[in-house]
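# Geometric and topological summary
Okay, here's what each chain looks like letter by letter:
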Amino acid sequence: MTPRGIRADEDAEDLYIEEALALVKDDTGHRPPADPVPAPAATARTEQPNSEPGPRHGGGHHRATAWPEARETAARAARDASRAARRAPATVPLDAALGLTLAAPLTALTDLPSFDTSAMDGWAIAGPGPWSVREEGREGREGGEGREGRAGAAAGVLAGHGETAALTDGEAVRIATGARVPPDTTAVLRSEHGRWDPQGRLHATREIQPGQDIRSRGQECRNGDRLLAAGTLVTPAVLGLAAAAGYDTVTAVPRPRVEVFVLGDELLTQGLPHDGLIRDALGPLLPPWLRALGADVVALRRLGDDAKALHKALTASAADLVITTGGTAAGPVDHVHPTLERLGAELLVDGVKVRPGHPMLLARTKEDQHLVGLPGNPLAAVSGLLTLAEPLLRTLAARPAPEPYTLALKEAVQGHPYDTRLIPVVLRGDQAVPLRYHGPAMLRGMAAADAVAVVPPGGTRAGQEAELLDLPWAAAGIEVCFT
Ligand SMILES: Nc1nc2c(c(=O)[nH]1)N[C@H]1C(S)=C(S)[C@@H](COP(=O)(O)OP(=O)(O)OC[C@H]3O[C@@H](n4cnc5c(N)ncnc54)[C@H](O)[C@@H]3O)O[C@H]1N2
Ligand code: MOO
C-alpha cells in the first residue's frame, strides 16, 4: 500500500526519510496545512519556580486541547522530532521487516522471471508436430507419468535444472512447470493435450500457438525496474515480492523505540487483587498494542509512585518516546507533571477534551524525545494511546494515516457537553453497535470491540454516522499485526 501523497514518479534514491515523513498524510487525510493550528502549548519551564502547582489537572479545562487538534499536534511533534534526530534508514533482513515502511524504492535486482519458464507440466516442443520425444533428465518416479505412463521413464526438464540443449524442429522434451525451457522451444504442450501414436510419436490434441504456456523472461519486470516506491508499507506480499526480486534485506524506516514506565504502588503483577492492591492491566496491554502501532518496545519498567525513580528513568532514557501510565492527575503521588517541570520539558498537550482520558498529556522531553502521559484508569489510557501515541508513532514510523471512515450508530450515544467521547463498538453489517462497560476504569467493552466510535460534543443520534477508529487486531488479524 502506497500512502497517497508519495509521488510514484519521484526519484526516491535520495528521498531522505524526513521527506518521506513529510509526504505522509496527516490524520485528516489531507496534507498538513502550511501553517498548522498552533498547539495550545503550556511550557512547564515558563512557570514561576516558587508558584504552587495548583489544581491544574483536577478536571480543569483551561489548557485542554480539542481532540482533533491533539492528534494533529502529536503527528506534528513526530515530524519535528524526526528532523531533529535525522533517523537514518536501516538495512533490515526480510524476516524482521514486516510492518515497516520502505525508506528507499524497491528496484528489481533481476529480470522476473529470470529465464523463459514453462507455465505448465507437459512437453517443450519445437516446430510443427508430431514430435519425437527426447529422453532427458534423471529417471522418473516409480509409476510416475513418464512416456506412456510407464515406470522409470525420463523425468525430462525439471524446475531448478540448469540450461538444456536446444531443441530441433520436430523434437520435444518432457518439462515441468517452472523449468527453464530449452533454447528454440516454440511452445509448451500441456500434458493433458498430448497423445501418443503407435510409433511412439507425440501429437497435440488441439491447436497450440507459438509461445503458448511459456512465461518469457522479464514478463513481470526487468532488472532495474522500480517495483515499489519509498513510503510503501511492508506487507507479507511485499516481503514475497522482495524475495522474488532478489532481496535479502530491505531499506526501511526503523521502528521508533519506546520505553514504558508503569507508575503506581498499588499494582500487582500476578494473582488476585487484595488489600487495596489491584492487578496492573496496562503492563500486559501496552507493549503488543504499541508494537502494532509500529513501535519497538525496548523496556517496560514498573516504577511505583516514586518521583525520584521517575526522574532518574526519564533522564537516562534514550527512547524516541517514553510512555508513562498513571500519575497524570493532581493527587498527592501524581508525579508526572512535577517531574516534567523539573526536567524543563515542554508541554505540548496538557489535557485533552476527550472522555475518558482527559488528563492525558504530551511533552517534548528532549529535542528528539517525547513523553506521552497516559492516565492510570485503563480505558482512559487506551484513549490516550489512540489520541496521542497512535499519530505520533505512526508518523515516526512513516506509516500512512488510515483512511477516515464513518458508520451509522445503531443506538444513540449521549454526548459530553464540551468534550469528544470515545466509545467501543462492534461492527455488524453497515452499523456500529455501541458497547456497554465503557467507564474509564473498565476494559470489558474495549476487550469485545472491533473499533472505537468518535462521538462529538452533544452526542450522536441513532442512525447517525460517526467516525470510527479501527483497532489493530480488527483490521489485520492478530498474527499479522502483533508479531
Ligand atoms: N480531583 C480530581 N481527581 C481526578 C480527576 C479530576 O478531574 N479531579 N480526574 C480523574 C480522571 S478522569 C482520571 S483518568 C484519573 C487519572 O489519574 P492518574 O493518571 O493520576 O492515575 P492514577 O491516579 O495513578 O490512577 C487512576 C486509577 O487507575 C488505576 N491504575 C493506575 N495504573 C493502573 C494500571 N497499570 N492498571 C490498572 N489500573 C491502574 C489506579 O489504581 C486508580 O484507580 O484521575 C482522576 N482523578
Ligand atoms: O478522563 Mo478519566 O480518564 O474519565 O477516567
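Residues numbered from 1 in each chain as written. Chains lettered and ligands numbered in written order. Predicted model: local features only at pLDDT ≥ 70, side-chain atom pairs only at ≥ 80, totals over all residues. Heavy atoms only, no water.

## What to know about the sheet that holds strand β3 (residues 90-93)
Within the open sheet, the 3 strands sit side by side as β3-β15-β4. Their pairing is antiparallel. In this open sheet, the two strands that pair with only one neighbour each are β3 and β4 (101-102). (Pairing = 2+ DSSP bridges. Helix = DSSP H or I, 4+ residues; strand = E, 2+ residues; numbered from the N terminus.)

## Topic: the packing of helix α4 (residues 282-292) against helix α7 (residues 378-396)
Taken N-terminus to C-terminus, the directions of α4 and α7 make an angle of 20°; their axes are 12 Å apart at the nearest point. Relative to α7, the element α4 lies roughly parallel. In the packing of α4 onto α7, the handedness of the crossing is right-handed. Of the residues in α7, those in contact with Leu282, Leu285, Leu286, Trp289 and Leu290 of α4 are Pro378, Ala381, Val382, Leu385, Leu386 and Leu393. (Axes fitted to C-alpha atoms, helices over the stretch in contact; angles between N-to-C directions. Parallel < 35°, antiparallel > 145°, perpendicular 65-115°, else oblique. Left-handed = near helix turned anticlockwise from the far one by under 90°. Contact = heavy atoms within 4.5 Å.)

## Some words on the site of ligand 1
Taken together, 22 residues surround ligand 1, and among them Glu266, Asp280, Ala281, Thr328 and Ala329 come closest. One of the side-chain N or O atoms of Thr328 is found 2.5 Å from an oxygen atom in ligand 1. Asp334 is positioned with one of its side-chain polar atoms (N or O) 3.2 Å from an oxygen atom of ligand 1. Burial of ligand 1 by the protein amounts to 69% of the accessible area it has alone, namely 860 Å². Of all the secondary-structure elements, those providing two or more residues to the shell around ligand 1 are β18 (278-279) and α7. Residues of the shell around ligand 1, tallied by class, amount to 10 nonpolar, 8 polar and 4 charged. (Near = heavy atom within 4 Å. Polar contact = N/O pair within 3.5 Å; in protein donor to acceptor, adjacent residues only side chain to side chain. Areas by Shrake-Rupley, 256 points an atom, 1.4 Å probe, with all protein chains shown as cover. Nonpolar A, V, L, I, M, F, W, Y, C, P; charged D, E, K, R; others polar.)

## As for the site of ligand 2
Surveying the vicinity of ligand 2 reveals the residues Pro356, Gly357, His358, Pro359, Asn377, Ala380 and Pro440. One of the backbone N or O atoms of Gly357 is found 2.5 Å from an oxygen atom in ligand 2. The separation between an oxygen atom of ligand 2 and a polar side-chain atom of Asn377 is 3.0 Å. Grouping the constituent residues of the shell around ligand 2 by class yields 4 nonpolar, 3 polar and no charged.

## Remarks on the nonpolar core
Of all hydrophobic cores here, the largest spans 46 residues; its most connected members are Trp289, Leu290 and Leu362. Of the residues that make up this core, three or more belong to each of domain 1 (67-85 + 255-397) and domain 4 (405-470). If we ignore the near neighbours within four places in the chain, the residues touching Leu362 are Thr73, Ala74, Ala77, Glu346, Leu347, Leu348, Val349, His370, Leu371, Val372, Leu388 and Leu392. Among the nonpolar cores identified, the runner-up in size contains 18 residues, and Leu100, Leu106, Ala242 and Ala245 belong to it. (Core = buried A, V, L, I, M, F, W, Y, C linked by side-chain atoms within 4.5 Å. Buried < 20%, exposed > 50% of the residue type's maximum accessible area, 1.4 Å probe, protein only. Domains from an automatic or database assignment.)

## Points about the packing of helix α5 (residues 307-316) against helix α6 (residues 336-343)
In contact at an axis separation of 10 Å, α5 and α6 are set at 50° when each is read in the N-to-C sense. Overall, the two elements α5 and α6 adopt an arrangement that is oblique. As α5 runs across α6, the sense of the crossing is right-handed. In this structure, α5 contributes Ala307, Leu310, His311, Leu314 and Thr315 to the contact, and α6 contributes Val336, Thr339, Leu340, Arg342 and Leu343.

## Some thoughts on the environment of Asp213
In this structure, Asp213 sits in the loop between β12 (202-204) and β13 (214-215). Expressed as a C-alpha distance, the spacing of Asp213 and Asp121, which sit 92 residues apart in the sequence, is 9.5 Å. When residues no more than four places from it in sequence are discounted, the contact partners of Asp213 are Thr117, Ser118, Ala119, Met120, Val188 and Arg190. At 2.7 Å, the side chain of Asp213 forms a polar contact with the side chain of Arg190.

## Regarding the sheet that holds strand β9 (residues 171-175)
Taken in spatial order, the 4 strands line up as β8-β9-β7-β10 in an open sheet, and their pairing is mixed. Edge strands, defined here as strands with exactly one partner in the open sheet, are β8 (132-134) and β10 (187-190). Adjacent strand axes in the sheet meet at a mean angle of 35°, parallel and antiparallel pairs treated alike. Inspection of the sheet shows strand β7 (residues 122-125) paired to β10 by 4 bridges, in the antiparallel sense. Paired with Ala124 across the two strands is Val188, which belongs to β10.

## Thoughts on the pairing of strand β29 (residues 465-470)
Inspection of the sheet shows strand β25 (residues 405-409) paired to β29 by 4 bridges, in the antiparallel sense. When the bridges of β29 are listed, Ala408 appears paired with Glu465. Relative to β29, strand β28 (residues 451-455) runs antiparallel, the two sharing 4 bridges. Paired with Ala451 across the two strands is Asp470, which belongs to β29.

## Some details on α5
When α5 is considered as a whole, its buried residues turn out to be Leu310, His311, Ala313 and Leu314. Where α5 starts, the residue carrying a side-chain oxygen 3.0 Å from the main-chain nitrogen of Lys308 turns out to be Asp306.

## Some details on the pattern of salt bridges
Applying the stated criterion across every chain yields a total of 15 salt bridges. A salt bridge links Arg63 to Asp350, with the shortest nitrogen-to-oxygen separation between them at 3.3 Å. On the criterion of sequence distance, the pair formed by Arg63 in the loop between β1 (42-43) and β2 (65-66) and Asp350 in strand β21 (residues 346-350) is long-range, its members being 287 residues apart. Across the salt bridge formed by Asp111 and Arg222, the nearest N and O atoms sit 3.1 Å from each other. Residue Asp111 is located in the loop between β5 (106-107) and β6 (117-118), and its partner Arg222 is located in the loop between β13 and β14 (226-228); the two are separated by 111 residues in the primary sequence. The exposure class of Asp111 is buried, given its relative accessible area of 10%. (Salt bridge = Lys/Arg side-chain N within 4 Å of Asp/Glu carboxyl O.)

Spatial relationships are all this shows, so hold off on functional conclusions.
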